[in-house]
Amino acid sequence: MTNQVFSDVVREFKGDPSELIPVLQRVQAADGYLSSDSLTRISRWLRISENEIYGVATFFAQFRFTQPGEHIIKVCLGTACHVKGGEQILEVLKRRLDVQPGRATADGKYQLERVACLGCCALAPVLSIDEKVYGETSVLRVHQMIEERENRENA
Ligand code: FES
């Protein structure tokens, strides 16, 4: 967390231990994740042990402790997408990118996430890359998407 982000947080909150969750949300919104440096600073400021903060933060799936990848790939595993092969799409991406959900690839280019619904169930199976949503995907289409992105970046 930069000094600027920390100053903003100190200005926006009272410094009460009961504000832990909103403070963590605010820092993650600014940094994209909760670094160990951020947890240390929050711990000192709110007078809550780092262990306690970590315990609370790990309880909520929304918090991340590693730097997210540059592009976020969300694979929908909601009911409609699950029925239409969402798990297969996720498996292909895990193998192709060599990454587990909730993690970034080794080169930091992609972050793989599983989500419950992307809001366009009629187009199942659905995934999104950053803000763009892709409906009626398939294993073949996923390979093509990654190749097209790689070709564009290497051009
Ligand atoms: S269940 Fe996948 S978009 Fe809704």
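Residues numbered from 1 in each chain as written. Predicted model: local features only at pLDDT ≥ 70, side-chain atom pairs only at ≥ 80, totals over all residues. Heavy atoms only, no water.

### Remarks on the overall build of the protein
Within the protein one finds seven helices and five strands. Expressed along its principal axes, the backbone C-alpha trace of the protein runs to roughly 50 × 40 × 25 Å. Counting across all 155 residues of the protein, residues that qualify as buried make up 41%. Considering only contacts in the protein between residues 6 or more positions apart, those separated by 24 or more positions represent 60%. Here the protein displays about 8,900 Å² of accessible surface, and carbon together with sulfur accounts for 49% of that area. Between the mean site of the 19 positive side-chain charges and the mean site of the 21 negative ones, the protein shows a separation of 2 Å. (Helix = DSSP H or I, 4+ residues; strand = E, 2+ residues; numbered from the N terminus. Buried < 20%, exposed > 50% of the residue type's maximum accessible area, 1.4 Å probe, protein only. Contact = heavy atoms within 4.5 Å. Areas by Shrake-Rupley, 256 points an atom, 1.4 Å probe, with all protein chains shown as cover. Lys, Arg positive; Asp, Glu negative; His and termini not counted. Charge placed at Lys NZ, Arg CZ, Asp CG, Glu CD.)

### Considerations on a negative patch on the surface
A cluster of acidic side chains, namely Glu 70, Asp 107, Asp 130 and Glu 131, defines a negative patch on the protein surface. Structurally, Asp 107 can be placed in the loop between β2 (103-104) and β3 (110-115). You can call Asp 107 exposed: its relative accessible area is 56%. (Patch = residues over 30% accessible without salt bridge, like charges linked within 9 Å, V, L, I, M, F, W, Y side chains within 5 Å. Salt bridge = Lys/Arg side-chain N within 4 Å of Asp/Glu carboxyl O.)

### Here's the deal with the packing of aromatic side chains
The final tally for this structure, using the stated rule, is four aromatic pairs. Ring geometry for Tyr 54 and Phe 65: centres 4.9 Å apart, planes at 50°, overall tilted. Of this pair, Tyr 54 sits in helix α4 (residues 50-59) while Phe 65 sits in the loop between α4 and β1 (71-76); the two residues are eleven residues apart in sequence, bridging distant segments of the chain. Since its relative accessible area comes to 43%, Tyr 54 is described here as partly exposed. Each member of the aromatic cluster is reached from another via a ring pair, and the members are Phe 59, Phe 60 and Phe 63. (Phe/Tyr/Trp six-rings, centres within 6.5 Å; stacked < 30°, edge-to-face > 60°.)

### A short note on the side chain of His 71
Within the secondary structure, His 71 sits in strand β1. Here His 71 falls in the buried class, since its relative accessible area comes to 14%. Discounting residues that sit within four places of it in the chain, His 71 has contacts with Lys 109, Tyr 110, Gln 111, Ile 129, Asp 130, Arg 149 and Glu 153.

### Remarks on the domain arrangement of the protein
As assigned here, the protein comprises domain 1 (3-59) and domain 2 (71-154). Once you take the C-alpha centre of each, domain 1 and domain 2 turn out to be 31 Å apart. (Domains from an automatic or database assignment.)

### Let's talk about helix α6 (residues 86-97)
Between the first and last C-alpha of α6 there are 16 Å, a value that for twelve residues agrees with the 16 Å anticipated at 1.5 Å per step. Within α6 the residues assigned to the buried category are Gly 86, Ile 89, Leu 90, Val 92, Leu 93, Lys 94 and Leu 97. Along its buried surface, α6 packs onto β1, α5 (79-83), β3, β4 (127-129) and α7 (139-154). Where α6 ends, the next residue or the one after it, Asp 98, has phi of about 55°, a positive value. (Expected span 1.5 Å × (residues − 1).)

### A few points about the environment of Gly 85
In this structure, Gly 85 sits in the loop between α5 and α6. The spacing of Gly 85 and Gly 15 is 70 residues in sequence and 46 Å in space, taken between C-alpha atoms.

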